[in-house]
Protein chains: 2
Amino acid sequence: MDVLKKITELLKENGFKVTKGRAEVLALFFKADRPLSQKEIMEMLRLDLDRASVYRILDAFTQAGLIHMAYVDGRHRVYELPGKCGAHSCHPHFSCRGCGMTACLEDFKGRYKVDLADGFVAERQKVLIEGLCPSCKGK
Amino acid sequence: MDVLKKITELLKENGFKVTKGRAEVLALFFKADRPLSQKEIMEMLRLDLDRASVYRILDAFTQAGLIHMAYVDGRHRVYELPGKCGAHSCHPHFSCRGCGMTACLEDFKGRYKVDLADGFVAERQKVLIEGLCPSCKGK
DNA sequence: TCATAAATGCGACATTGTAGCAATAAAAGA
DNA sequence: TCTTTTATTGCTACAATGTCGCATTTATGA
């Protein structure tokens, strides 16, 4: 199916008006091969979209489950399309402590099994692998 | 051994001058049963310590390896004493999406094994379990 | 096309984190 | 103990990130 059509459908399904801003932000996530921060989104956008609007769009998408907050970077919230994340498994992210680059390790199949105390409910796992990327490794 | 003595030793071992601020911040981590944010540290401190100083102390401790940055909350950096975290295992943290409370699941023994692409080096794993705590569960 | 409800732009603001510099406190030696 | 030296702190200003309210604009359904 056409990506643009898919995006329009996704937005309508979730009760969103189909606006240029929302369509393009969502399109960015479909094009991206890694989690995106608000800052990166602003830079990648072709149309002028206000900072506040981007935040509102990201919040709305997150609440609707269209994207996930990956929390990869201590300062920036980083978002991505939801993968197969669930209560007991989620593909991890890699973050380079040299350059701050983050990547999605989607083909990861491992699982944690965590026994929480009574009364606690696990909804989702987030795993971050920290280390060095090839170009920062040599320095 | 006395905690205060241990703290003094730890600071000296790492080449730090033993100041009231550093000693008390480090003591907070020994007393705490969960990861702490800069904000929480400010609120828990008895003596008046400047915001900038707390940040500098946390940075210095992190660099020296006395504490770890746990990155649990999207907005706040959250720190804790280093556990048995390594390239392929780390005790996970639990974070309640209702009240934002975070906890350390120290007795966790599981492991991820992640195959990174050539040239990438994994130094540490951070795992976050998101869900609801008992008191937020009912709401 | 028009009416309406939602989304956006704009501005102001709160919070978090950083940097420079003068004042202060800790450590070492006399 | 007193002094000197050097690191640490407090203060101030600043940058970046995120939020909020309100007027304006836009998308949608009649």
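In what follows, the structure referred to is the one given above.
Residues numbered from 1 in each chain as written. Chains lettered and ligands numbered in written order. Predicted model: local features only at pLDDT ≥ 70, side-chain atom pairs only at ≥ 80, totals over all residues. Heavy atoms only, no water.

Draft legend 1. View of the protein's contact with DNA strand C. The full set close to DNA strand C counts 23 residues, and A:R22, A:D50, B:R51, B:Y55 and B:H76 are the nearest of them. Among all atoms of DNA strand C positioned within 4 Å of the protein, those belonging to sugar or phosphate total 66%. Separating a phosphate oxygen of DNA strand C from a backbone N or O atom of A:D48 is a distance of 3.1 Å. For the surface near DNA strand C, the leading source of residues is helix α4 (residues 51-64) of chain B, giving five residues. (Near = heavy atom within 4 Å. Polar contact = N/O pair within 3.5 Å; in protein donor to acceptor, adjacent residues only side chain to side chain. Helix = DSSP H or I, 4+ residues; strand = E, 2+ residues; numbered from the N terminus.)

Draft legend 2. Highlighting the sheet that holds strand β1 (residues 36-37) of chain B. All names here are of chain B. Judged by pairing direction, the sheet is antiparallel, and its three strands sit side by side in the order β1-β3-β2 without closing on themselves. Strands at the two margins of the open sheet, each flanked by one partner only, are β1 and β2 (68-69). Bridging between β2 and strand β3 (residues 78-80) involves two bridges; their strand directions are antiparallel. Bridge pairing in β3 links H68 to E80. (Pairing = 2+ DSSP bridges.)

Draft legend 3. Fine view of the packing of aromatic side chains. All names here are of chain B. Taken as a whole and assessed by the stated rule, the structure comprises two aromatic pairs over all chains. Ring geometry for F16 and F61: centres 5.6 Å apart, planes at 65°, overall edge-to-face. In this pair, F16 is assigned in the loop between α1 (3-13) and α2 (20-31) and F61 in helix α4, connecting sequence segments 45 residues apart. (Phe/Tyr/Trp six-rings, centres within 6.5 Å; stacked < 30°, edge-to-face > 60°.)

Draft legend 4. Summary view of the packing of α1(B) against α2(B). Residue and element names in this part refer to chain B. Two numbers describe how α1 lies on α2: the axes approach to 10 Å, and their chain directions differ by 120°. Here α2 runs oblique to α1, going by the angle between their axes. Crossing of α1 against α2: the hand is right-handed. On α2, the residues that touch V3, K6, I7, L10 and L11 of α1 are R22, A23, L26, A27 and F30. Within the contact of α1 with α2, the residues separate by chemical class into eight nonpolar, no polar and two charged. (Axes fitted to C-alpha atoms, helices over the stretch in contact; angles between N-to-C directions. Parallel < 35°, antiparallel > 145°, perpendicular 65-115°, else oblique. Left-handed = near helix turned anticlockwise from the far one by under 90°. Contact = heavy atoms within 4.5 Å. Nonpolar A, V, L, I, M, F, W, Y, C, P; charged D, E, K, R; others polar.)

Draft legend 5. Representation of the protein's contact with DNA strand D in the model. What surrounds DNA strand D is a group of 22 residues, the closest being A:R51, A:Y55, A:H76, B:R22 and B:D50. What you see for DNA strand D is that sugar and phosphate hold 67% of its atoms within 4 Å of the protein. A:K17 places a side-chain nitrogen or oxygen 3.5 Å from a base nitrogen of DNA strand D. The side chain of A:R56 places a nitrogen or oxygen atom 3.3 Å from a base oxygen of DNA strand D. Of all the secondary structure elements, the ones that give two or more residues to the surface near DNA strand D are α4 (51-64) of chain A together with α4 of chain B. In terms of residue class, the surface near DNA strand D is made up of six nonpolar, three polar and 13 charged.

Draft legend 6. Geometry of the pairing of strand β4 (residues 93-96) of chain A. Residue and element names in this part refer to chain A. The alternating pattern of β4 places H93 and S95 and F94 and C96 on opposite faces, both of which are buried. Two elements, β4 and strand β6 (residues 121-132), share four bridges in a ladder whose sense is parallel. Of the residues in β6, the one forming a bridge with C96 is G131. (Buried < 20%, exposed > 50% of the residue type's maximum accessible area, 1.4 Å probe, protein only.)

Draft legend 7. Inspection of the sheet that holds strand β1 (residues 36-37) of chain A at higher detail. Residues and elements named next belong to chain A. Reading across the sheet, the three strands line up as β1-β3-β2 and stay open at both edges, with antiparallel pairing between neighbours. A strand with exactly one partner marks an edge of an open sheet, and here the two such strands are β1 and β2 (68-69). One ladder, built from two bridges, connects β1 with strand β3 (residues 78-80); its direction is antiparallel. Paired with S37 across the bridge in β3 is V78.

Draft legend 8. Representation of the side chain of B:S37 in the model. Relative to the assigned elements, B:S37 resides in strand β1. Residues within four places of B:S37 in sequence aside, it is in contact with B:H76, B:R77 and B:V78.

Draft legend 9. Here's a closer look at the packing of α2(B) against α4(B). Residue and element names in this part refer to chain B. Remark: α2 packs on α4, axes separated minimally by 10 Å, with the N-to-C direction vectors making an angle of 65°. Here α2 is positioned roughly perpendicular relative to α4, judged by the angle of their axes. Once α2 is placed against α4, the crossing between them reads as right-handed. Of the residues in α4, those touching α2 at G21, R22, V25, L26 and F29 are I57, L58 and F61.

Draft legend 10. Quick peek at α4(B). All names here are of chain B. With 14 residues, α4 ought to run about 20 Å at 1.5 Å a step, and its terminal C-alpha atoms sit 20 Å apart, in line with that. Those residues of α4 lying buried are V54, I57, L58 and F61. All buried residues of α4 project into a common sector of 95° when viewed along the axis, lining one side. Summarising the geometry of α4, the exposed residues directed more than 90 degrees from the buried face are R56 and Q63. Lining the buried residues of α4 we find α1, α2, α3 (38-44) and β3. Sitting at the head of α4, D50 places a side-chain oxygen 2.9 Å from the backbone nitrogen of A52. Looking one or two places after α4, you find G65, whose phi comes out positive at around 85°. (Expected span 1.5 Å × (residues − 1). Arc of directions from axis to C-beta.)

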